[in-house]
Amino acid sequence: MEKGVNFPTQWDKTNKYALLLFKRCKEYYKFGEEEKLYKSFIPSSLFHVICIIVIIYSIISLIFVIIRRDAYAKIKSNVNLSIIFSVGTIINVTSLYMKRVKYYDYPCFLHPYLTSFGII
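Residue indices begin from 1 for each chain and proceed along its sequence in written order. Owing to the predicted nature of the model, reporting of local features is limited to residues with pLDDT of at least 70; listing and counting of side-chain atom pairs is limited to 80 or more, with chain, interface and lining totals taken over all residues. To obtain the side-chain values, all non-hydrogen atoms of the structure were included, while hydrogens and water were left out.

Asks: Looking at this model, I keep getting lost on the overall build of the chain. Mind explaining?
Replies: When you go through the chain residue by residue, the secondary structure sums to six helices and zero strands. For the chain, the N- to C-terminal ordering of α and β elements is α-α-α-α-α-α. Note that the radius of gyration is over C-alpha atoms, with the globule rule given as 2.2 Å times the number of residues to the power 0.38. Computed over the C-alpha atoms, the radius of gyration of the chain is 21 Å, more than 25% above the 14 Å expected from 2.2 N^0.38 for a compact globule of 120 residues. By principal-axis analysis of the C-alpha atoms, the chain measures approximately 75 × 25 × 20 Å. Summarising the internal contacts of the chain: among those between residues at least 6 apart in sequence, 52% fall at separations of at least 24. Using a 1.4 Å probe, accessible areas were evaluated by the Shrake-Rupley method; residue-level cover was limited to the displayed protein chains. Looking at the chain as shown, the accessible area adds up to about 9300 Å², and 66% of this sits on carbon and sulfur atoms. Only four residue types enter the tally: Lys and Arg on the positive side, Asp and Glu on the negative side; His and the chain ends are excluded. Charged side chains are reduced to one point each, which is NZ for Lys, CZ for Arg, CG for Asp and CD for Glu. The averaged location of the 8 negative side-chain charges in the chain is 10 Å from the averaged location of its 16 positive side-chain charges. Working definition: helices are DSSP H or I runs of at least four residues, strands are E runs of at least two. Numbering for both runs from the N terminus. Contacts between residues were defined by any pair of non-hydrogen atoms, one from each residue, lying within 4.5 Å.

Structure, rendered in structure tokens:
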């Protein structure tokens, strides 16, 4: 009988990062628990709730800043920086959320591109 879990069938055996991750994780799972290992990378409900709340909060903040632009100018806050910060937060959190939820379908080039765009 083998010791440890087998390589998950859903993963790509030619991917060196998948092999490295598997080597790190296999000792914590028993033989036959491939599905349990695979499911450990699926985000929990709490992750969904937190990301959706942050996205909604950022959208509401963006709308509030745009509507109350004059009030922000009176208290000497930079309206443009507030708008850029809100848009950057929306882009980065949405990119992170989509990468975690649609890990196998999400284009690999999109996350670094959106992250760098959201940071700027």
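Asks: Is there a simple way to explain helix H1 (residues 16–25) in this structure?
Replies: One turn of an α-helix holds 3.6 residues; hence residues three or four places apart share an orientation. In this scheme, a residue with accessible area under 20% of its type's maximum is buried, one over 50% is exposed, and one in between is partly exposed, where area comes from a 1.4 Å probe on protein chains only. Listed as buried for H1 are Ala18, Phe22 and Cys25. One side of H1 holds all its buried residues, which, seen down the axis, span an arc of 70°. Among the exposed residues of H1, those pointing more than 90 degrees away from its buried face are Lys16, Tyr17, Lys23 and Arg24. The directions considered for the arc are those from the helix axis to the C-beta atoms.

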